[in-house]
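So you can see what is in the structure, the chains are spelled out below.
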Amino acid sequence: MSDRYPVHTAETAPQEAADSIEKATAAFGFLPNLIGVMAESPALAEAYLSLSDIFQSKTRLDATEQHVVLLTVSRYHECHYCMAAHTTTAGMMGVDAPMVEAIRNDRPIDDPKLEALRRLTHEMVESRGWPSEATQQRFFDAGYEPSQMFDVLVGIAQKTLSNYTNHLADTPVDEPMQGNAWTPQSA
């Protein structure tokens, strides 16, 4: 963390970020450091929380599938904060721990449908939105529909905002998530 990118509290954040801080605190029971950093730009904090809400409540991906997307993007971007955060929230939601560990360790997921989702997500990020026809077909053959491919984009956008924020700010992992700390292979 640098002095350039402070982790704001409700008292130090710009007034325009108050709604985002209140919303995040109510959702998590504390103000996550990520939102504390994002509060420097009230627009960023609001955009991130809005995308998060849309991804969770309006897409046709279930909680496990959402975590596949969020963890895969964070793994690709080597985001230490989001890997810890989403490992923690996946555990709280009862998401299969071996699946989470597979993504954390960049290994295939045993479940073929979830693996098709992981591969599509990874290739979407790696290719900057140009997944191969074979990867798209594997996704559809696994039982997904075109609308769900577009839903994946919502998760990618959400995670890109947070991953890049954490890269800039080197956001410290919150204490409740430290048991799921993760270090990128490149570190």
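Residues numbered from 1 in each chain as written. Predicted model: local features only at pLDDT ≥ 70, side-chain atom pairs only at ≥ 80, totals over all residues. Heavy atoms only, no water.

> Looking at this model, I keep getting lost on the state of the cysteines. Mind explaining?
Two cysteines joined by a covalent bond between their sulfur atoms form a disulfide. Applying the stated rule across the entire model yields zero disulfides. Here C79 stays free of any disulfide, with the sulfur of C82 as its closest cysteine sulfur at 3.6 Å. Taking the relative accessible area as the measure of exposure, C79 reaches 0% and is therefore buried. (Disulfide = S-S within 2.5 Å. Buried < 20%, exposed > 50% of the residue type's maximum accessible area, 1.4 Å probe, protein only.)

> Hey, could you run me through the nonpolar core in this one?
One recurring pattern in soluble globular proteins: nonpolar side chains tend to sit buried together. Membership of the largest hydrophobic core comes to 26 residues, with the highest contact counts inside it found for V68, V69, M99, I109, L117 and V152. Residue assignment for this core shows that the elements contributing at least two residues are α4 (63–76), α5 (80–92), α6 (97–104), α7 (112–126) and α9 (146–169). Core analysis: the next-biggest nonpolar cluster, separate from the first, contains 19 residues, M38, Y81, A85 and V173 among them. (Core = buried A, V, L, I, M, F, W, Y, C linked by side-chain atoms within 4.5 Å. Helix = DSSP H or I, 4+ residues; strand = E, 2+ residues; numbered from the N terminus.)

> Help me out: how do you make sense of the pattern of salt bridges in this one?
Two side chains bearing opposite charge may form a pair once their charged atoms approach each other closely. Evaluated as defined, the whole model comprises three salt bridges. R60 is the partner of E145 in a salt bridge, and the nearest nitrogen-oxygen pair spans 3.2 Å. Placement of E145 in the loop between α8 (133–141) and α9 and of R60 in the loop between α3 (42–58) and α4 is noted, with a sequence separation of 85 residues between them. The exposure class assigned to E145 is partly exposed, which follows from its relative accessible area of 39%. Judged by relative accessible area, which is 45%, R60 ranks as partly exposed. (Salt bridge = Lys/Arg side-chain N within 4 Å of Asp/Glu carboxyl O.)

> I tried to follow the side chain of R104 on my own but got confused; where do I start?
One can find R104 in helix α6. According to the relative accessible area criterion, R104 is buried, its value standing at 9%. Residues within four places of R104 in sequence aside, it is in contact with R75, M83, T87, N180, A181 and W182. (Contact = heavy atoms within 4.5 Å.)

> Is there a simple way to think about unusual backbone geometry in this case?
Glycine aside, the phi torsion of most residues is negative, and most peptide linkages are trans. A positive phi angle, close to 55°, is found at E78, a residue other than glycine. As for its position among the elements, E78 is in the loop between α4 and α5. The class of E78 is partly exposed, set by a relative accessible area of 31%. Positive phi is not limited to glycine here, since D170 has a value of about 50°.

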